[in-house]
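# Breakdown of the fold
This is what each chain is made of:
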Amino acid sequence: MKVTICGGGNAAHVLVPVLKDAGVEAVNVYTPFRQEVEGWRRGAEAGGIRLFLGREGADERMLTGAPDVVTSDPKEAVDGADMVLMAVPAFAHEPILDAISPYLTRKTVVGAMPARGGLDYLLASKFSGADTPLFFGTQTLPWACRILEYGFSARVLGQKRSVGLATWPVDEAESVSALLYDLVGVKFTVVPSMLSLTLSNMGQLLHPGIMYGLFHGWDGAPYREPPLFYQGVDEETADMLQAMSDEVRMVGRKLEKLHGGSRSIPVPSLHEWLLSSYEGQIGDLSSLHGSLVTNAAYDGLRAPVTEKDGGFVPNFGARYLSEDVPFGLVVTRGIAEIAGVPTPTIDRVIEWASGKLGREYLVDGKLRGRDVPGTRAPQRWGINRPDDL
Ligand code: NAI
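The structure contained in this document is the topic of the report that follows. One numbering rule holds for all chains: residues counted from 1, following each sequence as written. Local features in this predicted model are restricted to residues of pLDDT 70 or higher, and side-chain atom pairs are both shown and tallied only at a pLDDT of 80 or more, whereas totals for entire chains, interfaces and linings draw on every residue. The side-chain values count all of the structure's non-hydrogen atoms but skip hydrogen atoms and water molecules.

### Things to note about the packing of aromatic side chains
We call Phe, Tyr and Trp rings a pair once their centres come within 6.5 Å, taking the six-membered ring for Trp, and we label the pair stacked below 30 degrees between planes, edge-to-face above 60, and tilted otherwise. Using the criterion set out here, one finds 14 aromatic pairs in the structure. Centroid distance Phe215 to Tyr223: 5.9 Å. Interplanar angle 70°. Geometry classified as edge-to-face. By way of ring pairs, the aromatic residues Tyr212, Phe215, Trp218, Tyr223, Phe316 and Trp352 are connected into one cluster. Working rule: Lys NZ or Arg CZ, within 6 Å of ring centre, within 35 degrees of ring normal, means a charge sits over the ring. Over the face of the ring belonging to Phe316 we find Lys356, whose NZ or CZ atom lies 5.0 Å from the ring centre.

Here it is, written out as structure tokens:
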């Protein structure tokens, strides 16, 4: 089997050794960035990625695996691949698909790990006809992971117990889920559609919601050390995350109702999702707040920052806003607008994040700002009726 990984970041550093360990004969890495290609090649010459699983100490294990080909040439990377995995932030899906689509065939299985929001609308705008590959998306990345040394080593900090998966078209999900289990050793639970994945994307709640909670009152003075991200969540922010989660679930329920109960659009609550994804890793299961601040997989993770004046200031350009707002929260907000569900808490976060990103999404409470075409909200493609979602 031949698998091509698109992207050279944290997720790719996990996938290469994991796939090699599973016995995949050829693992290629595609990244359009020359510096990344060089970094991967240097690492490959030295034996490949050393992947540490678990915390430093007693339960630590290590896998090693080197990519067979590392290239910025999409043809070289993808030609003949049985599976292509886009393990990148969602803003990279479109440029990657544009680069590789001439080399995909009806037999290629192409996945986005994770899908984030509105992947199906993007796919429908680019692919049609008999030669369309089978696409899948996952609800999140199965691992919390970080590169230690680029091209050489990485660490998995935590692994989710199960991750949602949907295919496009919808009817192949069971076989893809089984194949992925064999390849990466994670359970992928089939959800009915990519619409469910879009609404169940918890990164769109956690990342912009916690950024808002940590920094909406920030006075501009540098921090002495980067604030803790998940462990920095206070009760007030947890309540706000709960309200955001409730609003999204309302959208799912309203859409089910609009379809007269003929479609199931399950959306777990944020708390339910944490408990099922991180079973055995959470100390205080009793509340959303407790589950966030006592989750061992989140231990020590810091907010994105840059150095300034001998201290640290928030990095509002990091993917917690630049990915999770236009490719997450704004997509869900667009779907809510079509379903006719008010989302006051989500709107507050989008309005704040828009200011930080220098973007315009909401105008007079409607998703018609000048930057909507740069998102994956259904409105970008003129989708405005519940039936078309
Ligand atoms: P990353 O930030 O490490 O990956 C960035 C990589 O994407 C770059 O190194 C580059 O190779 C590629 N890329 C960026 N722009 C591109 C473009 N225009 N064309 C082609 N490639 C491009 O991201 P990471 O951490 O690997 O995450 C991947 C996805 O998984 C993201 O959606 C992230 O939100 C999600 N995720 C990550 C977790 C983690 O612990 N790392 C945990 C949960 C979700």
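### Considering the pattern of salt bridges
Put simply, a salt bridge is a Lys or Arg side-chain nitrogen that is within 4 Å of an Asp or Glu carboxyl oxygen. Applying the stated criterion across every chain, the model contains 18 salt bridges. Notably, a salt bridge pairs Lys126 with Glu94, separated by 3.3 Å at the nearest N-O pair. A residue pair is termed long-range when its members are at least 10 positions apart, and Lys126 in helix 5 (residues 119-126) and Glu94 in helix 4 (residues 93-100) qualify at 32 residues. Accessible area is worked out with a 1.4 Å probe on protein chains only. A residue is then buried under 20% of its type maximum, exposed over 50%, and partly exposed in between. Given a relative accessible area of 31%, Lys126 falls into the partly exposed group. Here Arg368 ties to Asp364 by a salt bridge, and the two come within 3.7 Å at their closest N and O atoms. Residue classification places Arg368 among the exposed positions, given a relative accessible area of 52%. Numbering of helices and strands runs from the N terminus, with a helix taken as a DSSP run of H or I at least four residues long and a strand as a DSSP run of E at least two residues long.

### Remarks on the packing of helix 8 (residues 203-215) against helix 9 (residues 235-258)
Orientation is described by axes fitted as lines to C-alpha atoms, over the contacting stretch for helices, and by angles from 0 to 180 degrees between their N-to-C directions. For the pair helix 8 and helix 9, interaxial distance at closest approach is 10 Å and the crossing angle is 145°. The hand of the helix 8/helix 9 crossing is right-handed. Of the residues in helix 9, those in contact with Gln204, Leu205, Leu206, Gly209, Ile210, Tyr212 and Gly213 of helix 8 are Thr237, Met240, Leu241, Met244, Ser245 and Val248. Under the grouping applied here, Gly and all other residues not named as nonpolar or charged are polar, the nonpolar ones being Ala, Val, Leu, Ile, Met, Phe, Trp, Tyr, Cys and Pro and the charged ones Asp, Glu, Lys and Arg. Classifying every residue of the contact of helix 8 with helix 9 gives 8 nonpolar, 5 polar and no charged. Crossing handedness is read from the near helix: turned anticlockwise from the far helix by less than a right angle, it gives a left-handed crossing, and turned clockwise, a right-handed one. Two residues form a contact once any of their heavy atoms are found within 4.5 Å.

### What to know about the site of the ligand
One heavy atom suffices: a residue is near a molecule or strand as soon as one of its heavy atoms comes within 4 Å of it. By nearness alone, 25 residues border the ligand, and Gly8, Asn10, Ala11, Glu36 and Glu323 come closest of all. Any pair of N or O atoms that falls within 3.5 Å is considered a polar contact. Within protein, one atom must be able to donate a hydrogen and the other to accept it, and sequence-neighbouring residues count only if both atoms are side-chain atoms. Between Arg116 and the ligand, the recorded distance is 2.8 Å, taken from a side-chain N or O atom to an oxygen atom. In this structure, an oxygen atom belonging to the ligand sits 2.9 Å away from a main-chain N or O atom of Cys145. Methods summary: accessible areas were calculated by the Shrake-Rupley approach with a probe of 1.4 Å, and residue burial reflects only the protein chains presented. Contact with the protein chains hides 85% of the accessible area of the ligand, taken as 840 Å² for the molecule alone. Among the secondary structure elements, those contributing two or more residues to the shell around the ligand are helix 1 (10-21), helix 4 and strand 9 (143-149). Counting residues per element, the shell around the ligand draws most heavily on strand 9, at 4 residues.

### Details of the side chain of His93
Its place among the elements puts His93 in helix 4. Within the structure, His93 has its side chain in polar contact with the side chain of Arg376 (distance 3.0 Å). Discounting residues that sit within four places of it in the chain, His93 has contacts with Met86, Val88, Ala112, Pro114, Ala115, Leu119, Leu122 and Arg376.

### Focus on the nonpolar core
Within soluble globular proteins, side chains that are nonpolar tend to cluster in buried spots. With 60 residues, the main nonpolar core has Leu206, Tyr230, Leu255, Leu292, Tyr298 and Ile335 as its most contacted residues. Listing elements by their share of this core, those giving two or more residues are helix 7 (194-199), helix 8, helix 9, helix 10 (270-277), helix 11 (288-293), helix 12 (319-322), helix 13 (325-339) and helix 14 (344-357). When residues of this core are assigned to their parent elements, the largest contribution, 8 residues, is made by helix 13. Those residues in contact with Leu255 that lie beyond four places of it in its chain are Leu195, Leu199, Ile265, Ile335, Ala339, Pro386 and Leu389. Here, nonpolar core refers to any group of buried Ala, Val, Leu, Ile, Met, Phe, Trp, Tyr and Cys residues whose side-chain atoms link them within 4.5 Å. One finds Val3, Leu15, Leu53 and Met113 within the second-largest nonpolar core, a separate group that totals 40 residues.

### Considering helix 14
For a helix, the expected span equals 1.5 Å multiplied by the residue count minus one. With 14 residues, helix 14 should cover 20 Å at 1.5 Å per step; its first-to-last C-alpha distance of 20 Å lies within 8% of that length. Elements that come into contact with the buried residues of helix 14 comprise helix 8, helix 9, helix 12, helix 13 and strand 15 (362-363).

### Focus on helix 4
His93, Ile96, Leu97 and Ile100 are the residues of helix 4 that are buried. Mapping the buried residues of helix 4 onto a view down its axis gives an arc of 100°, with all of them on the same face. The arc in question is the one spanned by the directions pointing from the helix axis to the C-beta atoms.

### Quick notes on the sheet that holds strand 10 (residues 153-159)
The criterion for strand pairing is that DSSP finds at least two bridges linking the strands in question. Taking strand neighbours across the sheet as the criterion, the 4 strands line up as 4-3-10-9 in an open arrangement whose pairing is mixed. Each end of this open sheet is capped by a strand with a single partner; those strands are strand 4 (61-65) and strand 9. Neighbour-to-neighbour, the strand axes of the sheet open up by a mean angle of 25°, direction not taken into account. Pairing analysis gives 6 bridges linking strand 9 to strand 10, with the strands arranged antiparallel. The residue of strand 10 that forms the bridge with Glu149 is Ser153.

### Points about the pairing of strand 10
Judged by how many residues are buried, strand 10 sits mostly within the fold: 6 of 7 residues are covered. Bridge count between strand 3 (residues 49-53) and strand 10: 4 bridges; the pairing is parallel. Paired with Arg50 across the bridge in strand 10 is Ser153. Connecting the antiparallel pair strand 9 and strand 10 is a turn made up of 3 residues, with Gly151 showing a positive phi of about 85°.

### As for the sheet that holds strand 12 (residues 187-190)
Spatially, 8 strands are ordered 5-2-1-6-7-8-11-12 in an open sheet, and the strand pairing comes out mixed. Every other strand in the sheet has two partners, leaving strand 5 (69-71) and strand 12 as the edge strands with one partner each. Strand-to-strand twist of the sheet, defined as the mean angle between neighbouring strand axes without regard to direction, takes the value 25°. Relative to strand 5, strand 2 (residues 26-30) runs parallel, the two being bridged by 3 bridges. Across the sheet, residue Asn28 finds its bridge partner in strand 5, namely Val69. Helix 6 (residues 173-184) rests against strand 6 (83-86), strand 7 (109-112), strand 8 (134-138), strand 11 (162-168) and strand 12 of the sheet, and its axis sits at about 170° to strand 12.

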